[in-house]
Amino acid sequence: MPASTAPRLLEGEARGALQRARSIAIDELIEIIERSGLRGRGGAGYPFAEKLRAVRRNAQGGEAYLVANGYDADPGSPLARTLLTRNGANVVRGVAIAAHAVGATQIYLYLHPEAIEARAAAERAIGEMGAELGVPIEIALGPGGFMGGEESALLAVLESRRAMAHQRPPYPAAQGLRLRPTLVSSVETLAWLPLVVEDQARANTKLVSVTGAVTRPGVYEVVLGTQLGEILSGAGGATGKLKGIHVGGPTGGILGTSRLDTRLDFDDLRVAGTHMGSAQVRAIAAGTCIVNEAATLFAYLARENCAICVPCRVGTKRVQAILESTYSGLGRDSDMAWLDELGTHMERFSLCGFGITAPSILRTTMREFPEDYRVHIQERRCPEGTCKAVRSRRYETMVQP
């Protein structure tokens, strides 16, 4: 795995960064961040300097908020917990620098309720910096579950409401917490700021969680643009022959082994049919039925969605039902077209990224592993000999699926 030439997120310190950030003009500070190439590490990859400018412009010197999202919605990708536990002081410095840049009057560090060690590390770092922070930081705990970390849902939680997605626009940068401009950013993004300000570092690495059939699963820091195969090698290599590689967490696509040369980069992953998401890179062992794998993912998504919008609430459940019917020996030739149509509806009409990106599972598995679907539907058997029927009949509607 290539070594980074930039300071390491998990180890690098920049003790004088906050003082330096406050010693220069805000416009100059944001220009330094822009030159670093820093893009949001929460999954979307939006240019961070543009987000800072938008919040500051919309606040116009009035009240503004900052929410540092360390929730780790994907249980298989504990990036924020790892970062806070190993380098909490740098995260807190980054939070304070971002608050200074947008003029935030209150900061919330938003964590998963089970992130006990990360919370303790954050509390220690906040206590050690004390009045140097300049703005109060409150640690807020989400409700648990996947949707608790979604941008608009977490704002609802901070306002003592249920964790449900909101329609956008308006975006939080214009109208967020308590209807005021709000910077919502991942702790990984914010942890870059001290390194960028003090060392003029290029923000060219990404934390990833390597899981599945690898020798040394864990959280690694890799250079953006590293090939997926190199990332697996850096984790000790696969434990055996692979069937595919799942990239982006629960809503990410599953790629075939012929795509191990795909680069871990926001844009390259989109071209391949998936996304950065939670930055989980999961090796799927040979002998795994991909239809069953896709059904398992959609069963999880059907449980975890917030249920506020029909395309996502109904779509995830219907896709789960079709996929389970398929590997239970009840598949139909028309199922592929229905899955494609359901995916299109979810992409176009869901309120948040949860429903919009979930169809990447369908798009990639139907493209990369067509034989698994064909054998299940046409030959009524599992191509890997591993599937067991979970349904004895299909749920019929006036119009299928």
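1. Observations concerning helix 10 (residues 290-304)
(1) Moving on: For helix 10, spanning 15 residues, the distance from its first C-alpha to its last is 21 Å, which sits close to the expected 21 Å at 1.5 Å a residue.
(2) Moving on: Taken residue by residue, helix 10 has Ile-290, Val-291, Glu-293, Ala-294, Ala-295, Leu-297, Phe-298, Ala-299, Tyr-300 and Leu-301 as its buried positions.

2. Points about the side chain of Thr-364
(1) Moving on: Among the structural elements, Thr-364 can be located in helix 14 (residues 360-368).
(2) Moving on: Aside from chain neighbours lying at most four places away, what touches Thr-364 is Gly-253, Ile-254, Leu-255, Ala-272, Gly-273 and Phe-369.

3. Some points on the environment of Ala-64
(1) Moving on: Counting through the fold element by element, Ala-64 comes out in the loop between helix 3 (48-59) and strand 1 (65-70).
(2) Moving on: The exposure class assigned to Ala-64 is buried, which follows from its relative accessible area of 0%.
(3) Moving on: With 112 residues separating them along the chain, Ala-64 and Gly-176 place their C-alpha atoms 9.0 Å apart.
(4) Moving on: When residues no more than four places from it in sequence are discounted, the contact partners of Ala-64 are Ala-59, Val-102, Gly-103, Ala-104, Thr-105, Gln-106 and Pro-181.

4. Considering the sheet that holds strand 8 (residues 253-256)
(1) Moving on: Read across the sheet, five strands follow the order 6-5-9-7-8 without closing on themselves; strand pairing throughout is mixed. The open sheet terminates on both sides in strands that have one partner only, identified here as strand 6 (218-223) and strand 8. Taken over all neighbouring pairs, the strand axes of this sheet differ in orientation by 30 degrees on average, direction set aside.

5. So, the packing of helix 2 (residues 26-35) against helix 3
(1) Moving on: For the pair helix 2 and helix 3, the least separation of the axes is 8 Å and the interaxial angle reads 155 degrees. As the angle between them shows, helix 2 and helix 3 are arranged roughly antiparallel. Facing Ile-26, Ile-30, Glu-31, Ile-33 and Glu-34 of helix 2, the residues of helix 3 in contact are Phe-48, Ala-49, Leu-52, Arg-53 and Arg-56.
(2) Moving on: A breakdown of the residues in the contact of helix 2 with helix 3 according to their chemical character gives six nonpolar, no polar and four charged.

6. Quick look at unusual backbone geometry
(1) Moving on: The residue after Arg-168, namely Pro-169, is reached through a cis peptide bond having omega 5 degrees.
(2) Moving on: Along the polypeptide, Pro-169 turns up in the loop between helix 6 (151-158) and strand 4 (182-186).
(3) Moving on: The omega angle of the peptide bond from Pro-169 to Pro-170 is 5 degrees, so this bond is cis rather than trans.
(4) Moving on: Within the secondary structure layout, Pro-170 lies in the loop between helix 6 and strand 4.

7. Side note on the pairing of strand 6
(1) Moving on: The element strand 6 is largely enclosed, with a buried count of five among its six residues.
(2) Moving on: Across six bridges, strand 5 (residues 205-212) lies against strand 6 in antiparallel orientation. By the bridge assignment for strand 6, Lys-206 is matched with Val-222.
(3) Moving on: Where strand 5 folds back on strand 6, the antiparallel hairpin that results is connected by five residues.

8. Some remarks on the pattern of salt bridges
(1) Moving on: According to the stated counting rule, one finds 25 salt bridges in the structure shown.
(2) Moving on: Residues Glu-123 and Arg-119 are paired through a salt bridge, measuring 3.3 Å at the closest nitrogen-oxygen approach. Taken together, the positions of Glu-123 and Arg-119, both in helix 5 (residues 116-129) and four residues apart, correspond to about one turn of that helix.
(3) Moving on: Two residues, Arg-381 and Glu-379, come together in a salt bridge whose shortest N-O distance is 2.8 Å.
(4) Moving on: For Arg-381, a relative accessible area of 42% gives the class partly exposed.
(5) Moving on: Linked through salt bridges whose partners overlap, the residues forming this network are Glu-371, Arg-374, Glu-379 and Arg-381.

9. Quick word on the nonpolar core
Within soluble globular proteins, side chains that are nonpolar tend to cluster in buried spots.
(1) Moving on: Ranked by size, the top nonpolar core spans 83 residues in total, and within it Ile-33, Leu-66 and Leu-264 carry the most contacts.
(2) Moving on: Top contributing element to this core by residue count: helix 4 (residues 79-102), with 13 residues.
(3) Moving on: If we ignore the near neighbours within four places in the chain, the residues touching Ile-33 are Leu-38, Phe-48, Ala-49, Leu-52, Leu-193 and Val-196.
(4) Moving on: Counting 49 residues, the second-largest nonpolar core is a separate cluster that includes Leu-158, Cys-312, Tyr-327 and Phe-369.

10. Considerations on the packing of helix 10 against helix 14
(1) Moving on: Two numbers describe how helix 10 lies on helix 14: the axes approach to 11 Å, and their chain directions differ by 180 degrees. One element, helix 10, and the other, helix 14, form an angle in the roughly antiparallel class. Note on element contacts: helix 14 touches helix 10 through Ile-361, Leu-362 and Thr-365, opposite Ile-290, Ala-294, Leu-297, Phe-298 and Leu-301.
(2) Moving on: Of the residues belonging to the contact of helix 10 with helix 14, the class tally is seven nonpolar, one polar and no charged.

11. Some details on the pairing of strand 8
Moving residue by residue along a regular strand, the side chains alternate between the two faces of the sheet.
(1) Moving on: Residues of strand 8 alternate between two faces, with Gly-253 and Leu-255 on one and Ile-254 and Gly-256 on the opposite face, all of them buried.
(2) Moving on: With four bridges connecting them, strand 7 (residues 242-247) and strand 8 associate as antiparallel partners. From the neighbouring strand, His-246 faces strand 8, where its bridge partner is Ile-254.
(3) Moving on: What sits between strand 7 and strand 8 in their antiparallel hairpin is a turn of five residues, with Gly-248 showing a positive phi close to 110 degrees.

12. Describing the sheet that holds strand 2 (residues 106-111)
(1) Moving on: Reading across the sheet, the four strands line up as 3-2-1-4 and stay open at both edges, with parallel pairing between neighbours. Every other strand in the sheet has two partners, leaving strand 3 (137-141) and strand 4 as the edge strands with one partner each. The sheet shows a mean angle of 20 degrees between the axes of neighbouring strands, direction not considered.
(2) Moving on: The sheet contact formed by strand 2 and strand 3 spans five bridges and is parallel. Across the sheet, residue Leu-109 finds its bridge partner in strand 3, namely Ile-139.

The rules behind each value
Residues numbered from 1 in each chain as written. Predicted model: local features only at pLDDT ≥ 70, side-chain atom pairs only at ≥ 80, totals over all residues. Heavy atoms only, no water. Helix = DSSP H or I, 4+ residues; strand = E, 2+ residues; numbered from the N terminus. Expected span 1.5 Å × (residues − 1). Buried < 20%, exposed > 50% of the residue type's maximum accessible area, 1.4 Å probe, protein only. Contact = heavy atoms within 4.5 Å. Pairing = 2+ DSSP bridges. Axes fitted to C-alpha atoms, helices over the stretch in contact; angles between N-to-C directions. Parallel < 35°, antiparallel > 145°, perpendicular 65-115°, else oblique. Nonpolar A, V, L, I, M, F, W, Y, C, P; charged D, E, K, R; others polar. Salt bridge = Lys/Arg side-chain N within 4 Å of Asp/Glu carboxyl O. Core = buried A, V, L, I, M, F, W, Y, C linked by side-chain atoms within 4.5 Å.

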